[in-house]
Amino acid sequence: MRPFDLICFDVDGTLVVHPEEKIVWEILNHRFTGDDLVNVSRFEQYRQGEITYAEWVALDVAGWLRAGANRAEIIAAIAELRLVDGAHETLAELHRRGYKLGIISGTLDIVLETLLPEHPFDDVFVNRLRFDEKQVLVGCDPTPYDVDGKARALREIALRERIPIERCAFVGDAFNDVEVAREAGFAVAFNPKCQELARVCDVTVRAAHLGALLRYFPDGDDDAIAG
Ligand SMILES: [Mg+2]
């Protein structure tokens, strides 16, 4: 029998990779402000409780707004990112096996729209960029569901779908996945960049191909075939 009903994924570092392990925020801060140091300083301010998550988002996006960023420039910049090997076929196979799939991520909607437009996810919790009619960036609606909020998003989906939390799985790679990994019935640290995440997850998978996950999410049809 299928051991879980829902699998939620992180995006940057999990489904989407960068040769230097950069995430979309770092790429766009560099492209539009030339400043790589703000990534570290703002993360530290956030960690110390000096700024909220929404303020962190607003500070980064303000730099892109000052540079007059538009959709085409953002899409050109995120060409540094690519889908992890096997993403399409693995997600399609998990979907075929009957798992409900979701995204709970601190990425930007434009990353998924660009790299994975025909995705199998029922729920997509991400930050959303706003553009005017000329496709010039005008702002960003910050997700309330990053970092500790990821755990809340998982609980909300589980409640709505009437799925026990023990039958909800999560796959992620970084510090912002720790709380949701604790919450989920089964958590996978996929190529983790954070020791704490590896500690709280049920398994750690180090692989270049997303298909390495499939062994943990077997086909529910086995049961049906057995009658
Ligand atoms: Mg990540």
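We now turn to the structure provided with this report.

Analysis parameters
- Along each chain, residues carry numbers from 1 onward, in the same order as the chain's sequence is written.
- Per-residue local features are limited, in this predicted model, to residues with pLDDT of at least 70; the limit for side-chain atom pairs, both in listing and counting, is 80 or more; totals at the level of whole chains, interfaces and linings are taken over all residues.
- The way it works is that DSSP assigns letters per residue, a run of H or I at least four long becomes a helix, a run of E at least two long becomes a strand, and they are numbered from the N terminus.
- Two things to know: the radius of gyration comes from C-alpha atoms, and the globule rule equals 2.2 Å times the number of residues to the power 0.38.
- To sort residues by exposure, count the other C-beta atoms lying within 10 Å of each residue's C-beta; 20 or more gives buried, 12 or fewer gives exposed, and values between give partly exposed, all with C-beta atoms placed from the backbone.
- Contact criterion: two residues are in contact if their C-beta atoms, reconstructed from the backbone, are within 7 Å.
- One nonpolar core equals one set of buried Ala, Val, Leu, Ile, Met, Phe, Trp, Tyr and Cys residues connected by C-beta atoms within 7 Å.

## Describing the overall build of the chain
Step number 1: In terms of helices and strands, the chain carries 10 helices and nine strands.
Step number 2: The globule rule puts the C-alpha radius of gyration for 227 residues at 17 Å, and the 18 Å found for the chain is close to it.
Step number 3: Along the three orthogonal principal directions, the C-alpha set of the chain runs to about 60 × 35 × 35 Å.
Step number 4: Looking at the 227 residues of the chain, the share that counts as buried comes to 36%.
Step number 5: Long-range pairs, those at least 24 residues apart, make up 57% of the contacts in the chain with a sequence separation of at least 6.

## Comments concerning the environment of A181
Step number 1: Structurally, A181 can be placed in helix α8 (residues 178-183).
Step number 2: According to the C-beta neighbour criterion, A181 is buried, with 28 such atoms within 10 Å.
Step number 3: Sequence-wise, A181 and V17 are 164 residues apart; in three dimensions their C-alpha atoms are separated by 20 Å.

## A closer look at the nonpolar core
Step number 1: Core analysis: the largest hydrophobic core is formed by 60 residues, its most contacted members being L6, I7, V24, L154, A169 and F170.
Step number 2: Among all residues touching L6, those that are not within four sequence positions of it are Y99, K100, G102, I157, A158, E161, I163, R167, C168 and A169.

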